[in-house]
Amino acid sequence: MGTVKCIGILTSGGDAPGMNAAIRAVTRSAIYNGIEVKGIYHGYRGLISGEIKPFKTENVSNIIQQGGTILKTARCKEFQTPEGRQLAYETLRNEGIDALVVIGGDGSLTGARIFAQEFDYPIIGLPGTIDNDLYGTDLTIGYDTALNTIMEAVDKIRDTASSHERLFFIEVMGRDAGFLALNGAIATGCEAAIIPEIYTEIDQLKELVENGFRKSKNSSIVLVAESPTTGGAMQLAERVKNEYPQYDVRVTILGHIQRGGSPSAQDRILASRLGAAAIDALLEGQRNVMVGIRNDEIVYVPFSKAVKQDKPINRELLDTLRRLSI
Ligand code: ADP
């Protein structure tokens, strides 16, 4: 691969707090190393339509503390077709962009992987998703902030749950991953977490109710990962209402507040480290890897592993939650 002279940067898929800190880190680290930067707006859609602007250090001033993404994000069906990706490749050639940094989740990095293979084009991925579901990295950008948002919301709901002696099912994001639900439950002293990773093994709801919400407790809160596997909080609450009418059941769906807000210190630091490391990776001649963090060290994870392998839930966390909720 020749020397990288100009990189493009884009954010794609679901937004996550800390994406701006990552954009800033990639941009400044590139400029520090004498590499030109171009910001690509609206993810792969903007790559196809050519929504591109040169970025200087001042374009990323005063954004480290902002949630969302200044580059905007989008979902783009056209990029899933060979014709769409061909157009994206032509844009990159016309703009003189010789490597790409993609910040996004599982879907965005899958797209990056396919594109990189198809055109033999260097791409570095950064894990930007509140779900923490990318294999090979202990943490993803946005996860810690979302977890803190969940913690604050559940703390507030507990006040009303205990005053009214109710059973609350609170739905949190996580698509096919239970990291937010499980760690959110531990952080807020919940009675249980219903997560997709375990759902197929046992009927978690039955176990929960039949083992009995402790008699001396006057309220219970269960966090439920939003997922086709768990069925979500609404469906579980309906089941409890039908099968165990003695409980006063309520549902709260936290929804999009989990994506918003100023990133936590941990997310800002993570995004800054990963963003800087993305440029190191390119300078070292790496391509088609996601930059992640393991045991506090930067690692390069091939796209094939990051998006294809399931990231396992730590069973010790499940056990801790179970033991502490008696
Ligand atoms: P996230 O990155 O947050 O998981 P999505 O799953 O919505 O979000 O993916 C974001 C975008 O990535 C999609 O809109 C599409 O443009 C691209 N993408 C996802 N999967 C593929 C695929 N199999 N092939 C090509 N592009 C894809």
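Criteria and cut-off values
- Residues numbered from 1 in each chain as written.
- Predicted model: local features only at pLDDT ≥ 70, side-chain atom pairs only at ≥ 80, totals over all residues.
- Heavy atoms only, no water.
- Axes fitted to C-alpha atoms, helices over the stretch in contact; angles between N-to-C directions.
- Helix = DSSP H or I, 4+ residues; strand = E, 2+ residues; numbered from the N terminus.
- Parallel < 35°, antiparallel > 145°, perpendicular 65-115°, else oblique.
- Left-handed = near helix turned anticlockwise from the far one by under 90°.
- Contact = heavy atoms within 4.5 Å.
- Phe/Tyr/Trp six-rings, centres within 6.5 Å; stacked < 30°, edge-to-face > 60°.
- Buried < 20%, exposed > 50% of the residue type's maximum accessible area, 1.4 Å probe, protein only.
- Lys NZ or Arg CZ within 6 Å of the ring centre and 35° of its normal.
- Domains from an automatic or database assignment.
- Salt bridge = Lys/Arg side-chain N within 4 Å of Asp/Glu carboxyl O.
- Polar contact = N/O pair within 3.5 Å; in protein donor to acceptor, adjacent residues only side chain to side chain.
- Nonpolar A, V, L, I, M, F, W, Y, C, P; charged D, E, K, R; others polar.
- Pairing = 2+ DSSP bridges.
- 1 Å grid on protein atoms, 1.4 Å probe; cavity = no way out; pocket = protein on both sides within 12 Å on 5 of 7 lines; lining within 4 Å.
- Points joined across faces, edges and corners; volume = space filled by probe spheres on them.

1. As for the packing of helix α5 (residues 143–164) against helix α6 (residues 179–188)
Where α5 contacts α6, the axes come no closer than 9 Å and their chain directions differ by 50 degrees. One way to sum up the angle between α5 and α6 is to call them oblique. Here the hand of the crossing between α5 and α6 comes out right-handed. Residue-level inspection shows Tyr143, Ala146, Leu147, Ile150, Met151, Val154, Asp155 and Arg158 of α5 in contact with α6, the latter providing Phe179, Leu180, Asn183, Gly184, Ala187 and Thr188.

2. Details of the packing of aromatic side chains
Under the defined criterion, the tally for this structure stands at eight aromatic pairs. Residues Tyr44 and Phe79 carry aromatic rings whose centres are separated by 3.8 Å and whose planes lie at 0 degrees to one another, so their mutual orientation is stacked. On the criterion of sequence distance, the pair formed by Tyr44 in helix α2 (residues 43–49) and Phe79 in the loop between β3 (52–55) and α3 (82–95) is long-range, its members being 35 residues apart. What makes Phe79 buried here is its relative accessible area of 3%. Judged by centre distance (5.7 Å) and plane angle (25 degrees), the rings of Phe79 and Phe115 are stacked. Placement of Phe79 in the loop between β3 and α3 and of Phe115 in helix α4 (residues 106–119) is noted, with a sequence separation of 36 residues between them. Each member of the pair Phe79 and Phe115 is classed as buried. Aromatic ring contacts, followed pair by pair, group Tyr44, Phe79, Tyr89, Phe115, Phe119 and Tyr121 into a single cluster. The cationic tip of Lys311 hangs over the ring face of Phe179; the distance from NZ or CZ to the ring centre is 5.2 Å.

3. Some words on the domain arrangement of the chain
Domains assigned within the chain are domain 1 (6–142 + 263–308) and domain 2 (143–259). Relative placement of domain 1 and domain 2: their C-alpha centres are 33 Å apart. Domain 1 puts 16 residues into the contact, and the matching count from domain 2 is 13 residues. Here domain 1 and domain 2 share zero salt bridges between them. Where domain 1 meets domain 2, there are nine residue pairs in polar contact (both at pLDDT 80 or more). In terms of residue class, the side of domain 1 that touches domain 2 is built from five nonpolar, seven polar and four charged.

4. Some remarks on the sheet that holds strand β11 (residues 297–302)
Reading across the sheet, the seven strands line up as β3-β2-β1-β4-β5-β10-β11 and stay open at both edges, with mixed pairing between neighbours. The open sheet has two edge strands with one neighbour each: β3 and β11. The mean angle between the axes of side-by-side strands here comes to 30 degrees, regardless of whether they run parallel or antiparallel. The pairing of strand β10 (residues 289–294) with β11 spans six bridges and is classified as antiparallel. Following the sheet pairing, Ile293 is matched in β11 by Ile298.

5. Some remarks on unusual backbone geometry
As a rule of thumb, non-glycine residues mostly have phi less than zero, and peptide bonds are mostly trans rather than cis. For His42, which is not glycine, the phi dihedral falls at a positive 60 degrees. The residue His42 is located in the loop between β2 (36–40) and α2 in this model. A positive phi angle is found at Asn288, which is not glycine, with a value near 60 degrees. Mapped onto the secondary structure, Asn288 falls in the loop between α10 (265–283) and β10.

6. Regarding the pattern of salt bridges
In this structure the tally under the stated criterion is 10 salt bridges. Between Asp120 and Arg287 there is a salt bridge whose closest N-O contact spans 2.9 Å. Of this pair, Asp120 sits in the loop between α4 and β5 (123–127) while Arg287 sits in the loop between α10 and β10, and the two are 167 residues apart along the sequence. Two residues, Arg239 and Glu243, come together in a salt bridge whose shortest N-O distance is 3.2 Å. Taken as a pair, Arg239 and Glu243 lie in helix α9 (residues 232–243) at a separation of four residues, close to a single helical turn. Salt bridges sharing partners connect three or more residues here, namely Arg166, Asp248 and Arg250.

7. Here we look at the layout of surface pockets
In this structure, the largest pocket occupies an estimated 880 Å³ of space. Lining the largest pocket are 38 residues, with Gly105, Asp106, Gly107, Ser108 and Arg175 positioned closest to its centre. Of all the secondary-structure elements, those providing two or more residues to the lining of the largest pocket are α4 and α11 (303–308). Its residues assigned to classes, the lining of the largest pocket shows 11 nonpolar, 13 polar and 14 charged. Both domains that meet at the lining of the largest pocket, namely domain 1 (6–142 + 263–308) and domain 2 (143–259), each give it at least three residues.

8. With respect to the sheet that holds strand β8 (residues 220–225)
In space, the four strands of this open sheet follow the order β7-β8-β6-β9, with parallel pairing throughout. In the strand order of this sheet, the two ends are held by β7 (192–194) and β9 (249–253), each with one partner. When strand polarity is set aside, the average angle formed by the axes of neighbouring strands in this sheet is 25 degrees. Sheet topology note: the strand β6 (residues 167–172)/β8 ladder contains six bridges and is parallel. In the strand pairing of β8, Phe169 is matched with Val222.

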